[in-house]
Amino acid sequence: MFKNKDFILLLIGRFITNFGDSIYTIATMSLVYSMTGSSYYTGLALFLTSSTAIVQVILSPVLDKINMKKFLVLTQTIQGFLLLLITYLLKNNMLNVYYLLSIMTVVSFLNQLVYPGQLSILPKIVNQANLVKANSLFSIAYQGSDAIFNALSGFVISVFGFMTAYYIDSATFFINAILFVFLSKTLGAI
């Protein structure tokens, strides 16, 4: 399993995505609060970020029918550019809470499709005997690393600020897009 290039690329991508998600979530909640001073808007931001998880249930069956390699590269690239848009707007004093909430909802929506998309690839790249082990490793990468990455994210934001956090997060998406380019061409239906 660890000699399987596609599996290794997906697993590394999962860890990178999880790190980026931690930075993004903490930075965005902190930024919303610093912009508004309002627990209402901060709660709304958390709701908008969390509520997009419903798409995993609704759209997971559709993911088996698309070219997952292209999908992963495209979603990672779009998310990277959207986070750069936040930094651009922030740097030029054009970012308001409504722009931020709108952009973060789109980023969260796209990101909710990546994990089930990656899971849909596993049976195609890992033999049946190793599938449970592969799923377990993805679970660890998805949920098990949260505490470490959240702590690291808090440190990055407190020391370097929002802009750096968003730049790092954008970089995680672009790194993943490049990683996913090297996935096998046979990972999609279309």
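Scroll up to find the structure.
Residues numbered from 1 in each chain as written. Predicted model: local features only at pLDDT ≥ 70, side-chain atom pairs only at ≥ 80, totals over all residues. Heavy atoms only, no water.

A. Representation of the overall build of the protein chain. Across its full length, the protein chain carries eight helices and zero strands. For the protein chain, the succession of helices and strands along the chain, N to C, is α-α-α-α-α-α-α-α. Over its C-alpha trace the protein chain gives a radius of gyration of 17 Å, about what one expects of a compact globule, namely 16 Å for 190 residues. With the C-alpha coordinates of the protein chain rotated into their principal frame, the extents come out at 50 × 30 × 25 Å. Taken across its 190 residues, the protein chain has 46% of its residues classed as buried. For the protein chain, the share of sequence-separated contacts (at least 6 apart) that also reach a separation of at least 24 residues comes to 86%. (Helix = DSSP H or I, 4+ residues; strand = E, 2+ residues; numbered from the N terminus. Rg over C-alpha atoms; globule rule 2.2 N^0.38 Å. Buried < 20%, exposed > 50% of the residue type's maximum accessible area, 1.4 Å probe, protein only. Contact = heavy atoms within 4.5 Å.)

B. Molecular detail of the packing of aromatic side chains. Applying the stated criterion across every chain, the model contains seven aromatic pairs. Between phenylalanine 81 and phenylalanine 174, the ring centres sit 5.1 Å apart and the planes meet at 70 degrees, which makes this aromatic pair edge-to-face. Here the residue phenylalanine 81 occupies a position in helix H4 (residues 68–91), and phenylalanine 174 occupies one in helix H8 (residues 162–181), the gap between them amounting to 93 residues. Taken together, Phe2, Phe7 and Phe138 form an aromatic cluster joined through their ring pairs. (Phe/Tyr/Trp six-rings, centres within 6.5 Å; stacked < 30°, edge-to-face > 60°.)

C. Molecular detail of the environment of serine 153. Along the chain, serine 153 falls in helix H7 (residues 146–160). Here the alpha-carbon distance between serine 153 and alanine 165, two residues 12 residues apart in the chain, equals 7.8 Å. Setting aside residues up to four positions removed in sequence, serine 153 forms contacts with Phe19, Ser22, Ile23 and Ile26. A distance of 2.6 Å separates the side chain of serine 153 from the backbone oxygen of phenylalanine 149, its partner in a polar contact. (Polar contact = N/O pair within 3.5 Å; in protein donor to acceptor, adjacent residues only side chain to side chain.)

D. Structural detail: the layout of surface pockets. There is about 450 Å³ of room inside the largest pocket. Asp21, Thr25, Thr49, Asn111 and Gln112 are the residues nearest the centre of the largest pocket, which is lined by 22 residues in total. Residue assignment for the lining of the largest pocket shows that the elements contributing at least two residues are helix H1 (5–36), helix H2 (39–51), helix H5 (97–125) and H7. A per-element tally of the lining of the largest pocket places H1 first, with seven residues. Grouping the constituent residues of the lining of the largest pocket by class yields eight nonpolar, 11 polar and three charged. (1 Å grid on protein atoms, 1.4 Å probe; cavity = no way out; pocket = protein on both sides within 12 Å on 5 of 7 lines; lining within 4 Å. Points joined across faces, edges and corners; volume = space filled by probe spheres on them. Nonpolar A, V, L, I, M, F, W, Y, C, P; charged D, E, K, R; others polar.)

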